[in-house]
Amino acid sequence: DVFFLTGLDEHGQKVQQAAAKAGIDPQTHCDKLAPQFKDLWNRLNISNDAFLRTTDPQHKFFVQEILQELYDKQLIYQDSYTGWYCTFDERFWTEKDVENGLCPDCKRPVEKLSEHNYFFKMGAYQDRLIDYFKTHENFIRPESRRNEVLGFLQTQTLGDLSISRPKSRLSWGIELPFDKDYVTYVWFDALVNYVSALEYLRPTPSRDRYWPASIHLIGKDILTTHAVYWSTMLMALNLPLPDMIFAHGWWTVDGEKMSKSRGNVVDPNKMIDEFGADAFRYLLLREVPFGQDGDFSQSAMVTSINSDLANGIGNLLSRTLTMIERFAGGKIPAAGTPALPEIEKKIAAAATSLPDKLDRGFGALTFRENLQAIWELIALCDEYIDKAAPWKLAKNPEDGPQLKTVLNTAARALRLLSVSIYPFMPQTAAQLSQQLGVSFDFSRSITSSQSQWDVTLADIPIAKGASLFPRIESSRQGAKTVSESPTPPQATPVAPVLRTSTTLAATPAPAEPAQITIDEFMKIQLKTAKVLSAERVPKSEKLLKLQVSLGAEQRQIVAGIGKKYEPEALVGKTIVIVANLKPAKLMGIESQGMVLAAGDSEVRGLATILEEVDPGTKVK
RNA sequence: CGCGGGGUGGAGCAGCCUGGUAGCUCGUUGGGCUCAUAACCCAAAGGUCGAAGGUUCAAAUCCUUCCCCCGCAACCA
């Protein structure tokens, strides 16, 4: 009895900004995005029972009820707050957090803001929270993540949580029921979805039936909000906490982080187009111990399709069905006498224990290990067929009983395999069982008899069809599925639960630089300068600190050319600088100008003057 | 001392917490088989487990130091 919820978190500043950028109102923006996710889940055969959007009216209403309840309990209070605000992260920082006017998290500039806000008494729950984490070992998983949160909680004081935003600053949110000038903080709204869904996406009383949730499956980037904010909110509401919060890792692509600017984003829709949903699902769950970061590559995809899917389960079905056609008249024969008792025992043992083993694995979310266990059975069957050699048995009529056993055993193994792979590859499972003639109806839940090993299978006509997974030949391996262009404004969700991709606005096309007049150019004062000394800026990757002479004047310039040039190589050289650039600080060091160098993002070479000229000479 | 991850046969990884003959997948080589999607089965080759030191009867595993790689962050004024 499972209720599988997924959905979208649609409020907040970033959504508002993205919508504004696209020139549409936030709701329209969200309405455009949501179907992309729904379609993708459909194509991937994700079996979610409901899809919640935090802009659903019933959700909003429920959030307001909760806010009112906490307000009535005096767990929400109003106070004025002054601090450094980071728009990107939608959060305030304290004075000591902020370095050089930059957000310590995203390093974007922060602005000083003072405003009245409502606060949730989160800090009051610090001890209770620590205690809860300690007494519930599996509450946060994997363990490394648990340690991370616990460490943070035990060394720092948990403050109260500002849960309101004045409408003057942010209007895209759920209005506070007790103060119409404010909307609630996006996380306060979003986290509530786990409970609100049970209020309106399922007939009541589903809340009693499904809460507390067995698991919140989230990305590792949103662990703190779930483990700390949400837990304290539930405590304040006197609701039980979920059994487990599991923070999964991220995918890299060919060893590199996926990013739109790199243009290496894997578009799941393209992967489905090219390889099929089942193969894609298989790879994602097979490649990495679930929870850890993993690396995705096209070649790994092809390798695993060929060796595990085509040569593995696909070929096992193919060879078994062909033999049943040829040696048994197209019907699965009843078992006869043992052919190879030793291997048959091994198969029986593996097959009998498989369902329970997989069950435990699903409970522990060890998907990769489950697939390994399934594939062990496949390997065992291949070995069995090879050694029993049905094609030889078929030549001697007196070996008939043994032949029947071999074919029957292989067929029963495939029957069990179809059930076993169903959670991973639903389409394939259905095809397999259909070709095998047992035709399971996977739209209903799997019964224990379907996964039972000791069943009588006799006289079942098979229906051999197309290969489950055709091999991918090497010519296709070079085909690029990873998008080449850095422009896909597609939804590329990584975390399937919340915070999917609310910030995906269209990337603006790079505009051709407009022409400027000579007057505008003359505003820029270029001068020659002689490098007196140069040294690396400690801890920087490519910054050099230069002392240069402009004749009468001496300047300090910080330049990002350290990847191309060694400091010693520059001393004594005459270079060109922008002399009237407003000074700026780089890593705390003041730079009073800018050196000219060729190159785009990477420095290729410094600009110099063809003839010897005095330092400080004007360049135009 | 910015934060984090990692260095194990040709490639990709597991093992490390809870020391005790180094394992998996792919690849390579040789053989077998012919039911099967040039597939499947068997066998072999191939590793000073980044380096050094320490603890121990015993170290890939624990401790110390160092080197290297990769993310993130800072950074191209």
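Preceding block: the structure.
Report follows, based on the coordinates. Just so we're clear, the structure is a prediction, and the values are computed from it rather than from any experiment. (Residues numbered from 1 in each chain as written. Chains lettered and ligands numbered in written order. Predicted model: local features only at pLDDT ≥ 70, side-chain atom pairs only at ≥ 80, totals over all residues. Heavy atoms only, no water.)

**Looking at the packing of aromatic side chains**
Inspection of every chain in the model, using the stated rule, returns 20 aromatic pairs. Plain terms: the ring middles of Tyr 77 and Phe 119 are 5.6 Å apart, the flat faces sit at 20° to each other, and that makes the pair stacked. Placement of the pair is Tyr 77 in strand 3 (residues 76-86) and Phe 119 in strand 5 (residues 111-120), with a sequence separation of 42 residues. Three or more aromatic residues joined by ring pairs form one cluster here, namely Tyr 71, Tyr 118, Phe 178 and Tyr 182. (Phe/Tyr/Trp six-rings, centres within 6.5 Å; stacked < 30°, edge-to-face > 60°. Helix = DSSP H or I, 4+ residues; strand = E, 2+ residues; numbered from the N terminus.)

**Some remarks on the pattern of salt bridges**
In the structure shown here, the tally under the stated rule is 14 salt bridges. The closest approach of N and O atoms between Asp 1 and Arg 209, which form a salt bridge, is 3.0 Å. Here Arg 209 lies in helix 8 (residues 206-210) and Asp 1 lies in the segment before strand 1 (5-8), a separation of 208 residues in the sequence. Using a relative accessible area of 54% as the deciding quantity, one classes Arg 209 as exposed. Through salt bridges with shared partners, one network takes in Glu 10, Asp 31 and Arg 53. (Salt bridge = Lys/Arg side-chain N within 4 Å of Asp/Glu carboxyl O. Buried < 20%, exposed > 50% of the residue type's maximum accessible area, 1.4 Å probe, protein only.)

**Some details on helix 13 (residues 341-364)**
The end-to-end C-alpha distance of helix 13 is 34 Å, a good match for the 34 Å that 24 residues give at a rise of 1.5 Å each. Remark: the principal bend of helix 13, roughly 40°, maps to Leu 354, with a proline, Pro 355, within the next four residues. All buried positions along helix 13 are accounted for by Ile 343, Glu 344, Ile 347, Ala 351, Leu 354, Leu 358 and Gly 361. Contacts from the buried residues of helix 13 go to helix 14 (367-388) and helix 16 (400-421). Phi turns positive, to about 60°, at Leu 365, one or two residues after helix 13. (Expected span 1.5 Å × (residues − 1). Bend = angle between axes of the 7 residues up to and from the residue. Contact = heavy atoms within 4.5 Å.)

**Comments concerning helix 17 (residues 426-435)**
Pro 426, Thr 428, Ala 429, Leu 432, Ser 433 and Gln 435 are the residues of helix 17 that are buried. Tucked inside the fold, the buried residues of helix 17 contact helix 11 (277-286), helix 12 (298-328) and helix 16. Backbone geometry just after helix 17 places Gly 437 at a positive phi near 90°.

**Points about the protein's contact with RNA strand B**
In the vicinity of RNA strand B there are 39 residues, among which Gly 314, Asn 315, Leu 543, Leu 581 and Gly 593 approach most closely. When atoms of RNA strand B within 4 Å of the protein are sorted by moiety, sugar and phosphate together comprise 71%. One nitrogen or oxygen atom from the side chain of Asp 386 is found 3.3 Å from a sugar or linking oxygen belonging to RNA strand B. For RNA strand B, a phosphate oxygen lies 2.9 Å from a polar atom in the backbone of Gly 560. Counting only elements with at least two residues in the surface near RNA strand B, the list comes to helix 12, helix 14, helix 15 (390-393), strand 20 (554-559) and strand 22 (584-586). Looking at the surface near RNA strand B, the element that brings in the most residues is helix 12, giving 10 residues. Of the residues belonging to the surface near RNA strand B, the class tally is 14 nonpolar, 13 polar and 12 charged. (Near = heavy atom within 4 Å. Polar contact = N/O pair within 3.5 Å; in protein donor to acceptor, adjacent residues only side chain to side chain. Nonpolar A, V, L, I, M, F, W, Y, C, P; charged D, E, K, R; others polar.)

**A word on the sheet that holds strand 15 (residues 294-296)**
Read from one edge to the other, the open sheet built from 3 strands follows the order 14-13-15, with strand pairing classed as mixed. Edge strands, defined here as strands with exactly one partner in the open sheet, are strand 14 (256-257) and strand 15. (Pairing = 2+ DSSP bridges.)

**A word on the nonpolar core**
Judged by nonpolar contacts, the single largest core of 79 residues is most densely connected at Met 301 and Trp 375. When contributions to this core are tallied by element, the ones reaching two or more residues are helix 2 (26-43), helix 10 (268-275), helix 11, helix 12, helix 13, helix 14, helix 16 and helix 17. If one sorts the elements of this core by residue count, helix 14 sits on top with 12 residues. Apart from residues lying up to four places away in sequence, Met 301 is in contact with Met 271, Phe 275, Ala 279, Phe 280, Leu 283 and Phe 296. (Core = buried A, V, L, I, M, F, W, Y, C linked by side-chain atoms within 4.5 Å.)

**Topic: unusual backbone geometry**
Look at the link from Trp 211 to Pro 212: it is a cis peptide, with omega at 5°. As for its position among the elements, Pro 212 is in the loop between helix 8 and strand 11 (216-219). Notably, Asn 238 is not glycine yet its phi reads approximately 60°, a positive angle. With respect to the element layout, Asn 238 can be found in the loop between helix 9 (223-236) and strand 12 (245-248). On the basis of relative accessibility, which here comes to 62%, the residue Asn 238 falls in the exposed class.

**Let's talk about the sheet that holds strand 11**
Spatial ordering of the open sheet is given by 6-12-11, a layout of 3 strands whose pairing is parallel. Edge positions in the open sheet fall to strand 6 (140-141) and strand 11, since each of these has one partner strand only. Relative to strand 12, strand 6 runs parallel, the two being bridged by 2 bridges. Note on strand 12: the bridge partner recorded for Arg 141 is Phe 246.

**Overview of the pairing of strand 11**
Here 4 bridges tie strand 11 to strand 12, and the two strands are oriented parallel to one another. Each bridged residue has a counterpart across the sheet, and for Gly 219 the counterpart in strand 12 is His 248. Considered for its hand, the β-α-β crossover made up of strand 11, helix 9 and strand 12 is right-handed. (Right-handed = clockwise from strand over helix to strand, strands pointing away.)

Scope: geometric values only; no functional claims are made or implied.
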